[in-house]
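# A structural walkthrough
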Amino acid sequence: MTLSLSPQDAWQPLPAGEWNADAARHLLRRAGWTAQPAEVQRATQEGLAATLARLFPPQPPLLPEPAMIQRNEVERMDLGPRYMQASPEEKRVLGRQERERSQAAYLDMSVRWLQFAAQPDNSAFQKWVLFLSDVYVVGFEKVHRAPLIYRHFDLLARNALGSAPALGKAVSHSPAMVLYLDLAENKREAPNENFARELFELFLLGEGNYTEKDIKEAARAFTGYRLRPGGEFVFAPRQHDMGVKTVFGQTGYFTGDDVIDLAYGLPAAGIWLPRKMTRFYLSDTPLPGAYLAALGGPWRASGYDLGWLTRSFFGSRLFFAPEFRGNFIKSPVQFYLALLQDLDLDGVPLPRYVVNPMRQMGQVLFDPPNVRGWVGGRNWINSGSLAARRTLVESVFRPINPESLTADELVEIRAAGAAGRDHFTVTDATLEPIAGLDPAAAVQSLTSDFLPIPPGPAFQDSLQGFIAAGHPNPQENLRRVRRALITILESPDYQLC
Amino acid sequence: MASNNPTPFLPTTRREFLSLTGRGIGLLAFSRFAPSFLVKAASAAVPSPEKDRTILVLVQLAGGNDGLNTVVPFSDGNYRRLRPTIGIPDDHVLRISDTLGLHPSCTAMQGLFHDGKLGIVQNVGYPNPNHSHFRSTEIWETASASGDFLSTGWIGRYMDNACAGRPGADSHDPLAVHINTLNGEPETFIGQREHPTFGLLAGGGGRRESEETRKLLETIASETGAPNSEEGFLQHTLMDALVTEGKVQNILGAYRPAAAYPANPFAASLKNIAALIAGGMPTRVYFVSLNGFDTHVNQADTHANRLKTLSEGLAAFQHDLEAHKLDGQVMTMTFSEFGRRPSENESKGTDHGTAAPLFVMGSRVKGGLHGTPPALNLPKNQDVTYSTDFRSVYATMLENWLESPSEPVLNGKFATLPLVV
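### Considering the overall build of chain A
The helix and strand inventory of chain A stands at 25 helices and four strands. In terms of C-alpha radius of gyration, chain A reaches 25 Å, essentially the compact-globule figure of 23 Å for 497 residues. Seen along its three principal axes, the alpha-carbon backbone of chain A occupies a region of about 85 × 65 × 40 Å. Burial analysis of chain A (497 residues in total) assigns 51% to the buried set. Look at the contacts in chain A between residues 6 or more apart in sequence, and 73% of them connect residues 24 or more apart.

### Concerning the nonpolar core
In this structure, Ile149(A), Tyr336(A), Leu337(A) and Leu339(A) are the most contacted members of the largest nonpolar core, which totals 161 residues. At nine residues, the largest contribution of residues to this core is made by helix H6 (residues 88-118) of chain A.

### Describing unusual backbone geometry
All names here are of chain A. For the bond from histidine 471 to proline 472, the omega torsion is 0 degrees, close enough to zero to count as cis. With respect to the helices, strands and loops of the structure, proline 472 is situated in the loop between helix H24 (457-468) and helix H25 (474-490). In this structure, histidine 144 takes a positive phi of about 70 degrees despite not being glycine. Of note, aspartate 182 is a non-glycine position whose phi angle comes to about 60 degrees, a positive value. Looking at where aspartate 182 falls in the secondary structure, it is placed in the loop between helix H11 (175-180) and helix H12 (194-204). Owing to 22 C-beta atoms within 10 Å, aspartate 182 belongs among the buried residues under this scheme.

### A few points about the sheet that holds strand E5 (residues 101-102) of chain B
All names here are of chain B. Spatial strand order, E3-E5-E4: three strands in an open sheet with antiparallel pairing. If you trace the sheet from one side to the other, it starts and ends with strand E3 (71-72) and strand E4 (94-95), each paired once. Looking at chain direction, E3 and E5 are connected through two bridges and run antiparallel. Bridging from a neighbouring strand, valine 72 pairs with glycine 101 of E5.

### Side note on the domain arrangement of chain A
Residues and elements named next belong to chain A. Considered domain by domain, chain A is made up of domain 1 (332-418) and domain 2 (428-495). Of note, the centres of domain 1 and domain 2, computed from C-alpha atoms alone, are 24 Å apart. Looking at the side of domain 1 that touches domain 2, the elements that each hand over two or more residues are helix H18 (332-343) and helix H20 (383-395). The element that contributes the greatest number of residues to the side of domain 1 that touches domain 2 is H20, accounting for three residues. Classifying every residue of the side of domain 1 that touches domain 2 by side-chain character gives four nonpolar, no polar and three charged.

### Examining H20(A)
Residue and element names in this part refer to chain A. Across its 13 residues, H20 extends 18 Å between first and last C-alpha, which sits within 8% of the 18 Å expected from 1.5 Å per residue. Across the 13 residues that make up H20, a large majority, eleven, are buried. The complete set of buried residues in H20 reads Ser383, Gly384, Ser385, Leu386, Ala387, Ala388, Arg389, Arg390, Thr391, Leu392 and Val393.

### Things to note about the pairing of strand E7 (residues 283-291) of chain B
Residues and elements named next belong to chain B. For E7, a buried count of eight out of nine residues is recorded, marking the element as mostly surrounded by other parts of the structure. Of the pairings in the sheet, the one linking strand E2 (residues 55-62) to E7 comprises seven bridges and is parallel in character. Within E7, the position partnered with leucine 61 by the bridge is leucine 290.

Cut-off values and rules
Counting starts from 1 at the beginning of each chain's written sequence and moves along it residue by residue. Chain letters start at A and ligand numbers start at 1, both assigned in the order the entries are written. Local features in this predicted model are restricted to residues whose pLDDT is 70 or higher, and side-chain atom pairs enter the listing and the counts only when it is 80 or higher, whereas totals over whole chains, interfaces and linings include all residues. The helix and strand labels rest on DSSP assignments: H or I over at least four residues marks a helix, E over at least two residues marks a strand, and numbering proceeds from the N terminus. The globule rule is 2.2 Å times the number of residues to the power 0.38, and the radius of gyration it is compared with is taken over C-alpha atoms. Counting other C-beta atoms within 10 Å of a residue's C-beta gives its exposure: the residue is buried at 20 or more, exposed at 12 or fewer, and partly exposed in between, where C-beta atoms are placed from the backbone. In this description, any two residues whose backbone-derived C-beta atoms lie within 7 Å of each other are considered to be in contact. We define a nonpolar core as a collection of buried residues of the types Ala, Val, Leu, Ile, Met, Phe, Trp, Tyr and Cys that are connected via C-beta atoms lying within 7 Å of each other. Any two strands between which DSSP finds at least two bridges are classified as paired. Per the annotation, domain bounds derive from an automatic or database assignment of domains. Charged means Asp, Glu, Lys or Arg here, nonpolar means Ala, Val, Leu, Ile, Met, Phe, Trp, Tyr, Cys or Pro, and polar covers whatever is left, Gly included. In this analysis, the expected span of each helix is defined as 1.5 Å times one less than the number of residues it contains.

As structure tokens, this is what we get:
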């Protein structure tokens, strides 16, 4: 990729004269999920700085703790004493019940997070939290305890726009992380290196910026981290290795928090998160080191202020450069949420209608494949995942068949209806205004509303011919407009943002 | 940090892949992370089926398999010293020699061993071992030296080499397909990381409407996006997927396995590979991944479970191939990014280590033990030193199985092992 700006110019603020509807669409698609016309208009009028202040607010709305998570925590506390007295057979049953409850709470949380993130006012910030969770990875499959996964996300959200070292320390105390990377198994007399290694390699610095010795010494500093039975983090001083450690050439009686500060003392720490951001938000192609250093230096000087980083990154000339427009592949989460927002739909509040498609598209929420997180970009796409995206599109044009639902699911659907959040399916009313247009105008309207780049002439022509073949029969015309829209949403260009 | 490409040993451009598959040297992957050859080129140009071609199936044991508890040196006092709590007791191991035994989960593999269809290459590794999952995986996949960073993989280079100077064919046929089996049961959600699923496209309005969409999409997929652009990449993938969908579905749907496969995603992947081989696909290399081997804590149950999955899946696959008389054509080989530390940690688990044994399976494998076992007279927390370079195993597969010179692929000369009969 040829970059149109020098490293020195790349992170300068976008000049006011270059802020327009196209730029707003780009910002909304990349920082959030998609560019709904009303949101584009609002952002264009507000200006870039005000829009960024709104997308990344000082007091962002947080996902309320789902009732099933609360219940699961209480149930787990109650389980403790009963479990102690149970026979082996009863223990197996209790254990299985607890796993099932945790699993159900986890699925419910997945649905709720998606619904929360689908609200336009939450989109950019929740995507930022998703990004942070793709750096500071924990996975449900290993942690198993849904409430701890919720707390990890809550902790990321609460620290998402503060100082990065504070976030890093909070992450190291996150109960889910303690379980995920075996911190509780890290003992004074027998250090477990898992956390220290991933902290340096994947969370803070990147390979090549530390030695095996640094890992071994750092692991000693992270001893004494424990969880109470209820899952709260606790520091056990008697389990902590009080000895002298040498990390990054510095020697002292370091604690885990000290080690995180030491890591942030290295210039590599300034480059690591911006590097991850470019990969998550901009392009599969890594930015050359000079560009990362040009952002990393000032970020470091800001005291590693994450709010500063979002404003500088999303407000930069580089972010809006032509080489980054309309050419990045949506993640499955973004594909799903953009589809809901573009079609003005509510998400179906049933895990199997949401979590299964996500899995088939290759992204299971709260459960990245490993500690490195999702690879993303072109790796999202293969013939299987593309088929899953197409299946999802088809599904939102089909009404839900109530007979296929379980009793519990019917209750959920009725509750959504009572709350006025049951617009799950694209209806004829959505399509009729487009069907009223002549074929050329209908294609123009459909493609400009939904695609980030104009489609090629052959596709436009064939769509136009396809719609025209339905005239003048109104029913057939409407059917063909619907099919044309489905095809557009299944097309390669709709996978891009 | 590893590159973004999860499996860098695969070809990286569609043209590269087309020219390769044109010669009947395709790849097929079954893993959560489709290797990039799939991502880059699901289209395959297919020559007339060449049923006598040898086929290599690569089985990745992701996470770093604990070799010492897989092929257990049960009579070695050092093993008992290093593994005081998680060591496999003498009377539990499945003996394969006077000094070695398989993990008790591996009864099916013990049977293969006794039938001479399973070879074990002991203590495979490389100099200056790296303990990072990602870097060490990359080293195995690119067949690089520890300090070198290669952008191509060993299978990719094999294909380069095999196809140099030959014209590529150009048709759409199901060669490189990521097959996803739709599993409609939400209860199975827990822990099912690898879903070897084939995404059947459920058309919204029945067959006619699916056909309409397919025709329209074909017009856009045949448009040419800018070379190397994301749009062009998506168009190619879509076109390939459209053509592939029906064909692979037919092959898998019609397949009647002649062995009972266990009900797990790994075995399902192997069954699908058997189906595609039996269906006459000209694919030369298949890739399937089994994960969960990163056993830092309380490893006994996890590891036993993983090995059982591996052992039973491999045996079912071998028996199925035999019943279909395809076994003479197929060689299966496992690999893992590293073994684990000989001394157990305080969490009844093991940390990242270095060399480990790997398995080769097939009717034309020279069964039994190959290479030498690791020396275990080690102080606590020291790693074993490898005795067979993994590139020697690759050289053997290239020279003696895929019938390709190994030196240009491996960028050096590595001795071959007597693994192929």
